[in-house]
Amino acid sequence: MMDKDSQQPFDVLVIGAGPAGMAAAVRAAERGGRVGIVDDNPNCGGQIWRGAEDDHGQEATAWSSRLRNADITKLFGMRVFHQPETGVLLAEGTDDVCELRYTNLVLATGARERFLPFPGWTLPNVMGAGGLQAMVKSGLPVRGKRVVVAGTGPLLLAVAAYLRKQGAEIPIICEQASWSSLARFGVGLLGRPGKITQGLQLKKELAEIPFAANSWPIGAHGGQVLESVTISRGGKTEVIACDFLACGFHLVPNVELQSLLGCQISGGFVQVDEFQQTSVQRVFCAGEPTGIGGVELALVEGQIAGLAAVGEKNAAQKLFGERRESHRFARMLDRAFRLRPELRSLPSAETIVCRCEDVPYSRLQEHRSWRAAKLHSRCGMGPCQGRVCGPATQFLFQWNPDSVRPPVFPARVGSLGRVVSGL
Amino acid sequence: MLKMQCAKPIRKRLRKRNIKRSRVPLSKTSSVIFAPSADLTTEGKEEFAVLRGFHFKLDRAVMVPVQRHWILSTLSVELGKDRIGARGYALRDGMNAATYDVVIVGAGIVGAACADECARRGMRVAVVDREMVGSGATAAGMGHIVVMDDSEAQFALTRYSQQLWQALRRDLPEDVEYDQCGTIWVAADEEEMAEVRRKHDYYAQRGVPTLVVDSEALQRLEPNLRDGMAGGLLVAEDAVLYPPCAARFLMERAQELGAQLQLGAPVTQIGEGRVRLSDGVEIAGGMVVNAAGAWAPELTRGMEIKKRKGHLVITDRYPGFLRHQLVELGYLKSAHSVTSDSVAFNVQPRRTGQILIGSSRQYGAEHGEVDQAMLTRMLRRAQEYMPGLGQMSAVRTWTGFRAATPDKLPLIGPWPGDKSLFLATGHEGLGITTSLASARILVDQITGAKPEIPIEPYLPSRAVKEVAHA
Ligand SMILES: Cc1cc2nc3c(=O)[nH]c(=O)nc-3n(C[C@H](O)[C@H](O)[C@H](O)COP(=O)(O)OP(=O)(O)OC[C@H]3O[C@@H](n4cnc5c(N)ncnc54)[C@H](O)[C@@H]3O)c2cc1C
Ligand SMILES: Cc1cc2nc3c(=O)[nH]c(=O)nc-3n(C[C@H](O)[C@H](O)[C@H](O)COP(=O)(O)OP(=O)(O)OC[C@H]3O[C@@H](n4cnc5c(N)ncnc54)[C@H](O)[C@@H]3O)c2cc1C
């Protein structure tokens, strides 16, 4: 493998090769910048266009080929875990570590699913909705399996449609949001031709799948593995036999790297100016970390960030109108899928909240802050670094997250202690 | 929490003591003025107010912000047959119509141990911390319970304290993770082997069991150490624990014996038997203990304490990789240095199977940020001794501040110039170990009991800067 270290800084270094990062890298490179793009996956595409061989539609194909054809240094299978010095990032692969220098940085780190604890959620075969989708994409067979899809957010529909296509039987999709907020969401969509077609396509694929609003899982049961799920549906409970529970409560942005770099974060989202620049000069942010808004917003924000990073402000400005429209969609998403307070009482005393460290709900109740809970119960101290239980406890107890310390992702001791040239 | 605990006993006490309660409407006000009333200023009568568990004298007006949900009552109290006609105002939230014998500032492991010791000797004690239990250096420390022989006094305190931890062992809850894994002082070469023998003799003379191990034995005990180490000294009674939970355990024991704890309360001033909080509330105690760790000098001027920053890195779980706390003998050189920055190989097996990697020492750093140059030096050093560490997954890095004194001994005892003020700070890198013994000898001094070890080396009077006399 070539030496990925570069003493000469990239004009634009992009972290994350989902739609936002791809768009940023492509637009910056097409304007002649020296561009690098890093992603911890083996291919570009991020969460939604994952799986290089799959057909993700015209838009995905177009961006992928632009990325392929542009003069961009692609560092896939590398995960950025630390900024040892301003302008230098460290990234680690399975057996190497490299030092990346940049003049401008675009952080397009995407989002992850939010999980909420309820009795039985740690049973084998209870999985994240997106997580199960990713596993099926990488070979897990679901043909003939019964999969209950539950939680909240549009991702549930996409996952259900996908699993169904792979031969799974979906007895029900449980959406915690109420019919009325969903209806408002649906009506709002009328202003968005792109979303409508997308919605219709999904509708066809979802045709025979029962969909229940006002419903959510309250318990998962089984001996060794999942056998059934109890759901609360319109105030009544119902037990449904199943092989898998695909469960996710919308998305939370990945803002840890931004936080390490000192970017201002408010309400969980990275604050940016009209050119997608964060509170830190020359550090831009695009896609889900600035607000959960889907592919289209990610693409337009990525383009603006990429153009602005190479100084093409006029070209960037031309995209502001498009971004404004996508922002409207993001706000609708936010309103429609807001978590209902009843979900705070899902866990029982013994329900494990922190899976890495086996911390039950009862041990968290006595604490006043995330830091206190963490110090005294070890909640969030495991290898996931609080990525799962952090957002859950933020919802359950309104705790604010802790400061971020390196490594942003677990990294080898040898990589963390690497001698950075020039230091 | 405080509120729930206190609601019942207080109601009982109110009845017993014939306190008239009247509700003061608070809906319009967000602060209340407590002032002495003209009609009750005769001899033997004392005015006071009790606020969220803290009693304070009313010799002048104080303005206090109050929360709407507090119930304010005016009181006149008759205490016992001596009929002290006092009058004041009480808020039900944690009320306690008694003054304190001791008010401790700081709920780190040292403050918690002092609270426990005071409470066990029957004192009324209050503890205040601006954050929470075990949130300062105690949250950052490695939790190595280690006997050290830097000086005779350091040995005496660490050994005494280690024995107190051993005695407490059976009472420690699971989450304190007490594990007597022992220390091996690792000698890299023959010169350091000579130090191993000296240390062995010193410990043997003082009744601490140790074992000199040669190169091969060391390899058997710790197969992941690099080949070719000269040997080491195994100190079998050394242990490790998880400091924040140890502090919480001590504090809870104190609370069971009536100690009052107030968290989230920054102290702005102490002295003359009083502790003043940032919201203006004053807490009166016969004695005040400054156990504010590295921040103690902010409250008591003129004490010679400097912040000494340290870095630590924790890995994912690798059970069995490491069995003892391993410290390079060069550590002594590092810890001894009073000026320059230094690192040393110092690794600890946690009960979870994780490995805690230290250590670094730095003066003059005020910010808690990770310093890459220090981190790199520290991790390089660790890998020189244990190459296999390089492949392990590091989960988190953090920093903490040790409260360092010029002679590397803590400050335990009365502060010259204020008879009511005691210090319990300056524990540098040994405060987890020495917390229990520090509390013993501090409370011995407060109560006039005879300490088990000579206390002179720790008296704060030795470390007073000029300003204090001025
Ligand atoms: C699990 C999951 C499944 C989803 N499935 C669907 C779906 O089926 N349909 C749909 O419409 N929407 C789906 N979404 C939503 C979709 O992700 C977004 O709408 C859109 O992809 C956002 O694009 P993005 O570029 O902002 O982020 P992402 O596509 O998430 O891309 C971010 C990329 O950055 C990488 N990255 C992050 N941090 C680092 C780092 N430090 N170093 C290196 N790389 C890093 C990530 O691995 C990822 O590849 C899903 C989201 C999630 C979380
Ligand atoms: C990296 C590192 C490794 C260490 N390893 C070990 C080890 O292995 N073994 C060992 O024995 N020791 C070790 N130590 C030392 C040990 O951690 C400390 O000596 C010990 O924790 C000190 O406890 P303390 O209670 O005095 O101080 P702290 O724990 O710092 O407590 C002080 C408390 O005072 C409070 N406070 C401060 N100012 C105010 C104010 N104005 N108002 C209200 N409250 C206030 C703070 O919030 C804090 O809770 C280590 C220290 C570090 C930094």
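Starting afresh in each chain, residues are numbered from 1 along the sequence in its written order. In the order they appear in the text, chains get letters beginning with A and ligands get numbers beginning with 1. Local features in a predicted model are, by the rule used here, given only for residues with pLDDT of at least 70; side-chain atom pairs are given and counted only at 80 or more, and totals for whole chains, interfaces and linings are based on all residues. Side-chain descriptors were evaluated using all non-hydrogen atoms of the structure, hydrogens and water having been removed beforehand.

Overview of the environment of Lys309 of chain B
All names here are of chain B.
Here comes step 1: The secondary structure listing takes helices from DSSP runs of H or I that are at least 4 residues long and strands from runs of E that are at least 2 residues long, numbered from the N terminus. Following the sequence through the fold, Lys309 ends up in strand E18 (residues 306-317).
Here comes step 2: By relative accessible area, Lys309 is classed as buried at 3%.
Here comes step 3: For this analysis, residues touch if any pair of their heavy atoms sits within 4.5 Å. For Lys309, the contacting residues outside a window of four places in its chain are Ser360, Arg361, Gln362, Ala365, His367, Gly368, Glu369, Thr399, Gly400, Phe401 and Arg402. Exposure categories follow from relative accessible area, calculated using a 1.4 Å probe and restricted to protein chains: below 20% of the type maximum is buried, above 50% is exposed, and the middle band is partly exposed.

Describing the site of ligand 1
Residues and elements named next belong to chain A.
Here comes step 1: Working definition: residue near molecule or strand if any one of its non-hydrogen atoms lies within 4 Å of it. Around ligand 1, 32 residues are found, and the nearest of them are Asp39, Asp40, Val80, Leu155 and Glu288.
Here comes step 2: In protein, a polar contact requires one atom able to donate a hydrogen and another able to accept it; more generally it is a pair of N or O atoms within 3.5 Å, and residues adjacent in sequence count only if both atoms are side-chain atoms. In the model, an oxygen atom of ligand 1 is placed 3.1 Å from a nitrogen or oxygen of the Asn41 side chain.
Here comes step 3: Here a nitrogen atom of ligand 1 and a backbone polar atom of Val80 are 2.9 Å apart.
Here comes step 4: Calculation on ligand 1 without its partners gives an accessible area of 980 Å², and the protein chains cover 91% of this total.
Here comes step 5: Mapped by element, the contributors of at least two residues to the shell around ligand 1 are helix H1 (19-30), strand E4 (79-85), strand E7 (111-113), helix H3 (129-137), helix H4 (155-165) and helix H8 (294-309).
Here comes step 6: When the residues that make up the shell around ligand 1 are grouped by side-chain class, the tally is 15 nonpolar, 11 polar and six charged.
Here comes step 7: Those domain boundaries reflect an automatic or database domain assignment. Shared between two domains, the shell around ligand 1 holds at least three residues of each, these being domain 1 (4-111 + 252-334) and domain 2 (115-249). Per-residue accessibility takes into account occlusion by the displayed protein chains alone, with areas from the Shrake-Rupley method and a 1.4 Å probe. Each residue gets one of three labels, nonpolar for Ala, Val, Leu, Ile, Met, Phe, Trp, Tyr, Cys and Pro, charged for Asp, Glu, Lys and Arg, and polar for the others, Gly among them.

Regarding the domain arrangement of chain B
All names here are of chain B.
Here comes step 1: Domain parsing of chain B yields domain 1 (35-78), domain 2 (92-139 + 243-302 + 408-469) and domain 3 (178-240 + 306-404).
Here comes step 2: The C-alpha-based centres of domain 2 and domain 3 are spaced at 30 Å.
Here comes step 3: Taken together, the contact pairs 12 residues of domain 2 with 11 residues of domain 3.
Here comes step 4: Note on definitions: buried area is the accessible-area loss of two parts on being combined, 1.4 Å probe, summed for both. Interface area, domain 2 with domain 3, both sides summed: about 830 Å², of which 57% is carbon and sulfur.
Here comes step 5: Together, Ala294, Lys408 and Glu428 form the three largest contributors to the area buried by domain 2 at its contact with domain 3, with a combined 60%.
Here comes step 6: A carboxyl oxygen of Asp or Glu within 4 Å of a side-chain nitrogen of Lys or Arg is what we treat as a salt bridge. On inspection of domain 2 and its partner domain 3, the count reaches two salt bridges.
Here comes step 7: We note a salt bridge from Glu428 to Arg308, for which the minimum N-O separation is 3.0 Å.
Here comes step 8: In this structure, the connection of domain 2 to domain 3 is made through four residue pairs in polar contact (both at pLDDT 80 or more).
Here comes step 9: Taken together, the residues that form the side of domain 2 that touches domain 3 break down as four nonpolar, five polar and three charged.

Brief notes about the site of ligand 2
All names here are of chain B.
Here comes step 1: Among the 35 residues in the neighbourhood of ligand 2, the closest are listed as Asp129, Ala137, Thr138, Val267 and Thr433.
Here comes step 2: Ala137 has a polar backbone atom sitting 2.8 Å from an oxygen atom of ligand 2.
Here comes step 3: At 3.0 Å, a backbone N or O of Ile432 approaches an oxygen atom of ligand 2.
Here comes step 4: Here ligand 2 has 1,000 Å² of accessible area as a free molecule, and 96% of this is covered by the chains.
Here comes step 5: Elements represented by at least two residues in the shell around ligand 2 include exactly helix H2 (109-120), helix H3 (137-140), strand E22 (393-404) and helix H11 (431-447).
Here comes step 6: Taken together, the residues of the shell around ligand 2 sort by class into 16 nonpolar, 15 polar and four charged.

A look at helix H10 (residues 372-385) of chain B
All names here are of chain B.
Here comes step 1: One less than the number of residues in a helix, times 1.5 Å, gives the span that helix is expected to have. Helix length check: H10, at 14 residues, gives a terminal C-alpha distance of 20 Å against a target of 20 Å (1.5 Å per residue), a fit within 8%.
Here comes step 2: Listing the buried residues of H10 in full gives Gln372, Met374, Leu375, Thr376, Met378, Leu379, Ala382, Gln383 and Tyr385.
Here comes step 3: Measuring from the backbone nitrogen of Ala373 back to the side-chain oxygen at the start of H10 gives 3.1 Å, which picks out Asp371 as the cap.

Structural notes on helix H4 (residues 152-168) of chain B
Three or four residues apart is the spacing at which side chains of an α-helix point the same way, because the helix has 3.6 residues per turn.
Residue and element names in this part refer to chain B.
Here comes step 1: If you check H4, its first and last C-alpha atoms are 24 Å apart, about what 17 residues at 1.5 Å a residue would give, namely 24 Å.
Here comes step 2: Here H4 lies mainly inside the structure; 12 of its 17 residues are buried.
Here comes step 3: Restricting attention to buried positions, one finds in H4 the residues Ala153, Gln154, Phe155, Leu157, Thr158, Arg159, Tyr160, Ser161, Gln162, Leu164, Trp165 and Leu168.
Here comes step 4: Contact partners of the buried residues in H4: H2, strand E9 (144-145), helix H5 (190-205), helix H7 (243-256), strand E23 (411-415) and H11.

Looking at the packing of aromatic side chains
Here comes step 1: Stacked, tilted and edge-to-face are the three classes assigned to paired rings of Phe, Tyr and Trp, where Trp is represented by its six-membered ring and a pair needs centres within 6.5 Å; plane angles under 30 degrees give stacked, over 60 edge-to-face, the rest tilted. Enumeration over the complete set of coordinates arrives at eight aromatic pairs over all chains.
Here comes step 2: Considering the side-chain rings of Phe345 of chain B and Tyr385 of chain B, the 4.5 Å spacing of their centres and the 5° angle between planes classify their relative orientation as stacked. Of this pair, Phe345 of chain B sits in strand E20 (residues 342-349) while Tyr385 of chain B sits in helix H10, placing them 40 residues apart in sequence.
Here comes step 3: With a relative accessible area of 3%, Tyr385 of chain B lands in the buried category.
Here comes step 4: Here the aromatic residues Tyr361, Phe397 and Trp399 of chain A are joined through ring pairs into a cluster of three or more.

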